[in-house]
Amino acid sequence: MFLPQLLAKATKGEKLVALTCYDASFARLMVRCGIDILLVGDSLGMTVQGHLTTLPVTLEHMLYHTEAVARGASGAAFILADLPFGSYQASPEQAFAASARLLAAGANMVKLEGGAFLAPTIRFLVERGVPVCGHLGLLPQSVNRTGYAPQGRDVASANRLLEDAETLAQSGAELLVLESIPTVLAEKVTQRLTIPTIGIGAGPHCNGQVLVLQDLLGLTPKPPRFARDFLTGARSLEDAIVNYARAVREGLFPGPEHSV
Ligand code: KIV
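Calculation criteria
- Residues numbered from 1 in each chain as written.
- Predicted model: local features only at pLDDT ≥ 70, side-chain atom pairs only at ≥ 80, totals over all residues.
- Heavy atoms only, no water.
- Near = heavy atom within 4 Å.
- Polar contact = N/O pair within 3.5 Å; in protein donor to acceptor, adjacent residues only side chain to side chain.
- Areas by Shrake-Rupley, 256 points an atom, 1.4 Å probe, with all protein chains shown as cover.
- Nonpolar A, V, L, I, M, F, W, Y, C, P; charged D, E, K, R; others polar.
- Helix = DSSP H or I, 4+ residues; strand = E, 2+ residues; numbered from the N terminus.
- Buried < 20%, exposed > 50% of the residue type's maximum accessible area, 1.4 Å probe, protein only.
- 1 Å grid on protein atoms, 1.4 Å probe; cavity = no way out; pocket = protein on both sides within 12 Å on 5 of 7 lines; lining within 4 Å.
- Points joined across faces, edges and corners; volume = space filled by probe spheres on them.
- Pairing = 2+ DSSP bridges.
- Axes fitted to C-alpha atoms, helices over the stretch in contact; angles between N-to-C directions.
- Contact = heavy atoms within 4.5 Å.
- Right-handed = clockwise from strand over helix to strand, strands pointing away.

**Side note on the site of the ligand**
- In the vicinity of the ligand, the contacting residues are Thr20, Leu39, Gly41, Asp42, Ser43, Asp82, Lys111, His135, Glu179, Ile200 and Val210.
- Asp82 is positioned such that a nitrogen or oxygen atom in its side chain is 3.0 Å from an oxygen atom of the ligand.
- The side chain of Lys111 places a nitrogen or oxygen atom 2.7 Å from an oxygen atom of the ligand.
- Its free accessible area being 260 Å², the ligand has 95% of it covered by the protein chains.
- For the shell around the ligand, a count of residues per class yields three nonpolar, four polar and four charged.

**Considering unusual backbone geometry**
- For the bond running from Phe253 to Pro254, omega is 5°, close enough to zero to count as cis.
- Along the chain, the position of Pro254 falls in the segment after α11 (237-249).
- Unlike most non-glycine residues, Ser74 shows phi in positive territory, near 50°.
- Overall, the relative accessible area of 60% leaves Ser74 in the exposed class.
- Positive phi outside glycine occurs at Ser180, with the angle close to 50°.
- With relative accessibility at 4%, the residue Ser180 sits in the buried group.

**A few points about empty space enclosed by the protein**
- Taken as a whole, this structure holds two cavities of 30 Å³ or more when the rule is applied.
- Quantified by volume, the largest cavity comes out at close to 40 Å³.
- What lines the largest cavity is simply Ala18, Ile37, Leu39, Leu80, Leu175, Val177, Ile198 and Val210.
- Of all the secondary-structure elements, those providing two or more residues to the lining of the largest cavity are β2 (37-40) and β6 (175-179).
- Size it by volume and the second largest cavity reaches roughly 30 Å³.
- Along the walls of the second largest cavity sit Lys15, Pro204, Gln209, Val248, Gly251, Phe253 and Pro254, which together make up its complete lining.
- Looking at the lining of the second largest cavity residue by residue, the classes come out as four nonpolar, two polar and one charged.

**Some points on the sheet that holds strand β8 (residues 208-211)**
- Within the closed barrel, the eight strands sit side by side as β1-β2-β3-β4-β5-β6-β7-β8. Their pairing is parallel. Here the strands of the sheet are splayed against their neighbours by 25° on average, with no regard to which way each runs.
- Alignment of β6 against strand β7 (residues 197-200), held across four bridges, turns out to be parallel. Note on β7: the bridge partner recorded for Glu179 is Ile200.
- Along the sheet, helix α4 (residues 59-73) makes contact with β2 and β3 (78-82), crossing β2 at roughly 160°.

**A few points about the pairing of β6**
- Buried residues dominate β6, accounting for five of its five residues.
- A two-sided burial pattern is seen for β6, the buried positions comprising Leu175, Val177 and Glu179 on one face and Leu176 and Leu178 on the other.
- The sheet contact formed by strand β5 (residues 132-137) and β6 spans five bridges and is parallel. Along β6, the bridge assignment pairs Leu136 with Leu178.
- Chirality of the crossover, the property in question, places the unit of β6, helix α9 (residues 183-192) and β7 among those that are right-handed.

Keep in mind that these numbers describe shape and distance, not what the molecule does.
Here it is, written out as structure tokens:
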């Protein structure tokens, strides 16, 4: 699936349903379950590789998993792939070289973490045919600076995030992930922007939601507060994923108990 088809869904007011995906068999299953966006997240450093952070994930790792997911999805889903730490921050040229390899591996869009400092990079990528998703709020690649605490909880940082969101969109980002920020702030960002927002721990007002697959399957030892185990009580993996997609589309997930 290409970006225009995805954006058309959001324009019609449909909630976008995203889930992290790291291999071909889950990609096939997620396509069957009607997941709109398969996110090859660098969270694979934690969920698949067993690291404590996403920082050890390399571009080669991301290429390996993106290729596997693309083979499983066979063109039937939108594939969003993370640019891993250290593959895009140094310069727009570095970001383009890494993005080109991810697109060749089967990604339809790349995601990078950070605010206004990325504006020139985003412009550089978009002008060269690379669709870009921004990522604001809790930035796992910045864990050494911020820890895993929710972001945007005071007026100054909320205003900064709002400005960053506008800058990313003006620079050409066409999707924006908002992670672990207050519901009211995510609502404000979503109202202010014309590009879709995808929330994780950001309340119900975003244009779509994303979850880490292992959180949805109840496999994470200490899951974040915003996660929900959809497997407990379901009859199968397929049911769990279908129930998640339905809950997002019907506005039943996330509830207030999953929000900052
Ligand atoms: O890597 C990832 O799984 C992500 C989500 C937390 C949005 O970026």
